[in-house]
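Read off the chains here:
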Amino acid sequence: MTDTKSLFCCPLCREDLQQQEKTLFCRKGHSYDVAREGYVNLILANQKASREPGDSPEMLRARRNFLNSGYYRRLAENIADIIIRYIDETEEDVVILDAGCGEGYYTDHISRIPSIISRSSICGIDVSREGVKLSAKRKNDVQWGVASVHSIPLPENSVNIILNVFAPHDSGEFSRITTGNGILISVIPGPEHLKGLKEELYDTVTEHSNEYPEIDGFKVLKTETLKYEFTVIWPQIKSDLLKMTPYYWRTKPGRIQALEKSPAPLTTLADFSITVYSKL
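Quick summary incoming for the structure in this document. Everything numeric here is computed off the predicted structure, so don't read it as measured data.

1. Notes on the pattern of salt bridges
Between side chains of opposite charge, pairing is possible as soon as their charged atoms come close.
Now for step 1: All told, the structure shown has 16 salt bridges when counted by the stated rule.
Now for step 2: The salt bridge partner of R27 is E15, with a shortest N-O separation of 3.0 Å. Of this pair, R27 sits in the loop between β3 (23-25) and β4 (31-33) while E15 sits in the loop between β1 (4-9) and β2 (16-20); the two residues are twelve residues apart in sequence, bridging distant segments of the chain.
Now for step 3: Take R27: its relative accessible area is 71%, and that puts it in the exposed class.
Now for step 4: Here K227 ties to E192 by a salt bridge, and the two come within 2.8 Å at their closest N and O atoms. Note that K227 is positioned in strand β11 (residues 218-232) and E192 in the loop between β10 (178-189) and α7 (195-201), a separation of 35 residues in sequence.
Now for step 5: The class for K227 is partly exposed, based on a relative accessible area of 43%.
Now for step 6: Look at the salt bridges and you will find they share partners, linking E103, D108, R112 and R138 into a network.

Rendered as structure tokens:
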């Protein structure tokens, strides 16, 4: 039976991992089972801050339902355009990592674009096992792993493009795994992101910072803003939008209940700050 090489490396010894049927193994004898859904758990016990780290299952399922409704599709298309331009400018095939993939929406989008998938190998990691499980259920040509961005199970200089969308980052790990000509695509909320939603929940609305993060080992190539208004009509999707944000867990219950019970559509802003970095 032929073994196939995984993009991931062993989290214990950093040796290459080979896959045979439903097991990943390295030459030093460490092995990791592939779950029924198709992902592999590569997070070590000492890398967990809790028994089940990451976003809660309820938050992840709400995010999946909202994102699958297409309200952030323009962001996914913007990310895909950046990747396509990078691939067009390089002669080699590339490796793409979604670092902090959540439930996998953005990686799933790019994995279905022929001009990307024909020239790339794609993997995604998240510290949340539930998030990676939902990602793997999307049934695409992506390697999914449970892992922390602070200890990424990938070899040095092996990744051409890192996606980091609304997720934590680790400059040391990102620099370690990125190739010399690699890029990092970072997305954070812009100042007015979900302003309409916050106005329904709070008497005083505080804007997000509009400063892009400085990441050691990388320099900024370009920054851009993607901003547009959208309206959520369906009550369930409105509830999903609310539950996928931190506001659901930090707001007075009465304000939450009033918004969820209101039959009125919710109009709000999507405001994304997109920064592309290159490795120094």
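Moving on from the coordinates now.
2. Quick notes on the pairing of β1
Now for step 1: The pairing of β1 with β2 spans three bridges and is classified as antiparallel. Bridge pairing in β2 places K5 opposite Q18.
Now for step 2: With antiparallel pairing between neighbouring strands as the criterion, β1 and β2 make up a hairpin whose turn holds six residues, including R14 at a positive phi of roughly 70 degrees.

3. Quick look at the sheet that holds β2
Now for step 1: Judged by pairing direction, the sheet is antiparallel, and its four strands sit side by side in the order β1-β2-β3-β4 without closing on themselves. With partners counted over all chains shown, the strands left at the sheet margins are β1 and β4, one partner each. Each neighbouring strand pair of the sheet contributes to a mean axis angle of 30 degrees, computed without reference to strand direction.
Now for step 2: Relative to β3, β2 runs antiparallel, the two being bridged by three bridges. Opposite Q19, over in β3, you have L24 as the bridge partner.

4. What to know about unusual backbone geometry
Now for step 1: Despite not being glycine, K139 has its phi angle at roughly 60 degrees, a positive value.
Now for step 2: Within the fold, K139 resides in the loop between α5 (129-136) and β8 (143-146).
Now for step 3: Looking at K139, the relative accessible area reads 60%, which means it is exposed.
Now for step 4: With a phi close to 50 degrees, F166 is a non-glycine residue in the positive phi region.
Now for step 5: On the secondary structure map, F166 appears in the loop between β9 (159-165) and α6 (171-177).

5. Concerning the packing of helix α8 (residues 235-243) against helix α10 (residues 253-261)
Angle between the axes and distance between the axes are the two parameters that describe a pair of packed helices.
Now for step 1: Where α8 meets α10, the axes come as close as 9 Å, and the angle between the chain directions of the two elements is 150 degrees. One element, α8, and the other, α10, form an angle in the roughly antiparallel class. Only I256, L259 and E260 of α10 make contact with α8, whose side of the interface consists of K238, S239, L242 and K243.
Now for step 2: Class assignment for the residues of the contact of α8 with α10 results in three nonpolar, one polar and three charged.

6. Focus on the nonpolar core
Now for step 1: Formed by 55 residues in total, the largest nonpolar core has its most connected members in F66, Y72, I83, F230 and L241.
Now for step 2: A per-element tally of this core places helix α2 (residues 73-89) first, with eight residues.
Now for step 3: Setting aside anything within four residues of it in sequence, one finds F66 in contact with Y71, Y72, F230, V232, I237, D240, L241 and M244.
Now for step 4: Membership of the second largest hydrophobic core comes to 27 residues, among which are C10, L24, L42 and L184.

7. Structural notes on the pairing of β10
Now for step 1: The element β10 is extensively covered by neighbouring structure, given that nine of its twelve residues are classed as buried.
Now for step 2: Pairing analysis gives six bridges linking β9 to β10, with the strands arranged parallel. Directly across from I161, in β10, lies its bridge partner I183.
Now for step 3: Relative to strand β12 (residues 266-279), β10 runs antiparallel, the two sharing seven bridges. From the neighbouring strand, L184 faces β12, where its bridge partner is Y277.

The rules behind these values
- Residues numbered from 1 in each chain as written.
- Predicted model: local features only at pLDDT ≥ 70, side-chain atom pairs only at ≥ 80, totals over all residues.
- Heavy atoms only, no water.
- Salt bridge = Lys/Arg side-chain N within 4 Å of Asp/Glu carboxyl O.
- Helix = DSSP H or I, 4+ residues; strand = E, 2+ residues; numbered from the N terminus.
- Buried < 20%, exposed > 50% of the residue type's maximum accessible area, 1.4 Å probe, protein only.
- Pairing = 2+ DSSP bridges.
- Axes fitted to C-alpha atoms, helices over the stretch in contact; angles between N-to-C directions.
- Parallel < 35°, antiparallel > 145°, perpendicular 65-115°, else oblique.
- Contact = heavy atoms within 4.5 Å.
- Nonpolar A, V, L, I, M, F, W, Y, C, P; charged D, E, K, R; others polar.
- Core = buried A, V, L, I, M, F, W, Y, C linked by side-chain atoms within 4.5 Å.

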